[in-house]
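Okay, here's what each chain looks like letter by letter:
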Amino acid sequence: MDDVKKMFRVIVNGQSAIKQELLSEIKKVDKSLSGRIDSLTTEMKEGFKKVNKHLDMIGKSVAFLEDDTPTWEEHDELEKRVTKVEKKLQIQAHI
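Here is what the cut-offs are and how they apply
- Residues numbered from 1 in each chain as written.
- Predicted model: local features only at pLDDT ≥ 70, side-chain atom pairs only at ≥ 80, totals over all residues.
- Heavy atoms only, no water.
- Helix = DSSP H or I, 4+ residues; strand = E, 2+ residues; numbered from the N terminus.
- Rg over C-alpha atoms; globule rule 2.2 N^0.38 Å.
- Buried < 20%, exposed > 50% of the residue type's maximum accessible area, 1.4 Å probe, protein only.
- Areas by Shrake-Rupley, 256 points an atom, 1.4 Å probe, with all protein chains shown as cover.
- Lys, Arg positive; Asp, Glu negative; His and termini not counted.
- Charge placed at Lys NZ, Arg CZ, Asp CG, Glu CD.
- Expected span 1.5 Å × (residues − 1).
- Salt bridge = Lys/Arg side-chain N within 4 Å of Asp/Glu carboxyl O.
- Patch = residues over 30% accessible without salt bridge, like charges linked within 9 Å, V, L, I, M, F, W, Y side chains within 5 Å.

This paragraph deals with the overall build of the protein. Scanning the protein for helices and strands turns up two helices and zero strands. Radius of gyration (C-alpha) of the protein: 40 Å, far over the 12 Å computed for a compact globule of 95 residues. Principal axes of the C-alpha set define a box for the protein whose edges measure 130 × 20 × 20 Å. Across the 95 residues that make up the protein, the buried fraction comes to 0%. Carbon and sulfur atoms make up 62% of the accessible area of the protein, which totals about 9,700 Å². Separation of charge centres in the protein, based on 18 positive and 18 negative side chains, amounts to 9 Å.

Over its 23 residues, helix H2 (residues 72–94) extends 33 Å from the first C-alpha to the last, a length consistent with the 33 Å expected when each residue adds 1.5 Å. Counting buried positions along H2 yields zero of 23 residues, so the element is predominantly exposed.

Scanning all chains against the criterion turns up two salt bridges. Note that Glu25 is salt-bridged to Lys28, the shortest N-O span being 3.5 Å. Note that Glu25 and Lys28 are positioned in helix H1 (residues 2–68) at a spacing of three residues, about one turn of the helix. Judged by its relative accessible area of 43%, Glu25 is partly exposed. Judged by its relative accessible area of 53%, Lys28 falls in the exposed class. In this structure, Lys49 and Glu46 form a salt bridge, with 3.8 Å as the shortest nitrogen-oxygen distance. On the criterion of helical spacing, the pair formed by Lys49 and Glu46 is a turn pair, its members being three residues apart in helix H1. Its relative accessible area of 40% is what places Glu46 among the partly exposed residues.

The next point concerns a nonpolar patch on the surface. A surface patch of nonpolar side chains, about 380 Å² in accessible area, is lined by Ile18, Leu22, Leu23 and Ile26. Within the secondary structure layout, Leu23 lies in helix H1. Leu23 sits in the partly exposed class, given a relative accessible area of 38%.

Time to look at the environment of Lys84. Structurally, the position occupied by Lys84 is in helix H2. On the basis of relative accessible area, Lys84 is assigned to the exposed category, the value being 59%.

Right, let's get into a negative patch on the surface. There is a patch of like negative charges on the surface, built from Glu73, Glu74, Asp76, Glu77 and Glu79. Counting through the fold element by element, Asp76 comes out in helix H2. On the accessibility criterion, Asp76 (41% relative accessible area) is partly exposed.

Purely geometric numbers; function is a separate question.
See below:
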C-alpha cells in the first residue's frame, strides 16, 4: 500500500507541476498579447478617425458642388438662352 501512495503522490505532484508551468506560460502569452491588442486597437481607432475625416471632407466637397450645379429647370432655361444668343449671332454675322 505504501508503494501505491508514493506512486499516487508522484503522479499528483507531476500533474500539479505541469499545471503551474502551463499557468505561467499562459500568463506570459496573455501579457504579450494584451500589449499587442491594445496597440492594435489604438491604431485601428486612429485609422478610422483619419478615414472618417477624409470622408467628411469629400462629403462637404460633394455638397458644395451639388449646391453649385444648376437644376433641370435652370438647365432648360440656359439652353433656351444659348439658342437665342446663337440666333442673334447668326443674324449679326449675316449683316
